Amino acid sequence: SAVISQKPSRDICQRGTSLTIQCQVDSQVTMMFWYRQQPGQSLTLIATANQGSEATYESGFVIDKFPISRPNLTFSTLTVSNMSPEDSSIYLCSVELLSDLFSNGYTFGSGTRLTVV
Amino acid sequence: DQQVKQNSPSLSVQEGRISILNCDYTNSMFDYFLWYKKYPAEGPTFLISISSIKDKNEDGRFTVFLNKSAKHLSLHIVPSQPGDSAVYFCAASAAGSSNTGKLIFGQGTTLQVKP
């Protein structure tokens, strides 16, 4: 089965800095998504990472704060820019694997636990 | 506005008994519902799903029931095992290309199965 590698798994960052999170899949996928889970909250979709074009952001999320790259069908990055303590969350990438097409259940990476101090 | 709600933050059951996790939703456009399980330091793992055209879907020890009129779904685990101890998320999606991949999650319910 396909493997999703998300890096880093965790980080502690200073406010005002930026962190880039990587999501690598060992097979080509059409759909890649970025989610955020704030402490005690549910997972919230940030954006859909589109290959070859700009990401599609959900309400409340903007490109300047969360720039996303999708250079090919196996890789995407999410940058959390100009961080503040409120950005402390778990960030997860999600993909639609071929095996998911039968269940409509998207597969998630292991997440990046970000703490901003 | 929380469109998907899991009102019980935690649930504790004895091994071998039934675990029932509940989920309510408000958006009548949702037509697909999923349950995910999440262990600490791991991403959510897909468990089982149900389409709105069905009222029940079963997979081994896991059964999901959907009551569309009540906008309510539940996940039954029987018999419960200690390895089932995890956070369970209910998620929903609506039809349409603009909604592809867009899952709306509940807040999660932490299940503890005691030996």
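Just so we're clear, the structure is a prediction, and the values are computed from it rather than from any experiment.

1. What about the environment of V95(A)?
With respect to the helices and strands, V95(A) occurs in strand β9 (residues 89-95). Judged by its relative accessible area of 0%, V95(A) is buried.

2. Quick notes on the nonpolar core
Residue and element names in this part refer to chain A. W34, I46, F66, I68, L78, Y91 and L114 are the most contacted members of the largest nonpolar core, which has 26 residues in total. Elements that contribute at least two residues to this core include exactly β3 (19-25), β4 (32-37), β5 (43-49), β8 (75-80), β9 and β11 (112-116). With four residues, the single largest contributor to this core is β3. Contacts of I46, omitting those with residues within four sequence positions, involve W34, Y35, R36, T56, Y57, E58, F61, F66, L78 and Y91.

3. Some words on the packing of aromatic side chains
Throughout the structure, instances matching the rule amount to 13 aromatic pairs over all chains. Among the aromatic residues, those joined into a cluster by ring pairs are Y35(A), F108(A), Y36(B), F46(B), F89(B) and F105(B).

4. Brief notes about the pairing of strand β6 (residues 56-59) of chain B
Residues and elements named next belong to chain B. Pairing of β6 with strand β7 (residues 62-67) involves four bridges; the strand directions are antiparallel. Opposite K56, over in β7, you have F65 as the bridge partner. Between β6 and the antiparallel strand that follows it, β7, lie two residues; G60 among them carries a positive phi value of about 65°.

5. Structural notes on the state of the cysteines
Residue and element names in this part refer to chain A. Under the criterion given, the structure shown has two disulfides over all chains. Disulfide pairing places C23 opposite C93 at an S-S distance of 2.0 Å. One quick way to see it: the torsion about the S-S bond of C23 and C93 is about 60°, and its sign makes the bridge right-handed. Here C23, found in strand β3, pairs with C93, found in strand β9; they are 70 residues apart in sequence, far enough to count as distant. A residue is classified by how much of its surface remains accessible, and C23, at 0% relative accessible area, is buried.

Conventions we followed
Residues numbered from 1 in each chain as written. Chains lettered and ligands numbered in written order. Predicted model: local features only at pLDDT ≥ 70, side-chain atom pairs only at ≥ 80, totals over all residues. Heavy atoms only, no water. Helix = DSSP H or I, 4+ residues; strand = E, 2+ residues; numbered from the N terminus. Buried < 20%, exposed > 50% of the residue type's maximum accessible area, 1.4 Å probe, protein only. Core = buried A, V, L, I, M, F, W, Y, C linked by side-chain atoms within 4.5 Å. Contact = heavy atoms within 4.5 Å. Phe/Tyr/Trp six-rings, centres within 6.5 Å; stacked < 30°, edge-to-face > 60°. Pairing = 2+ DSSP bridges. Disulfide = S-S within 2.5 Å.

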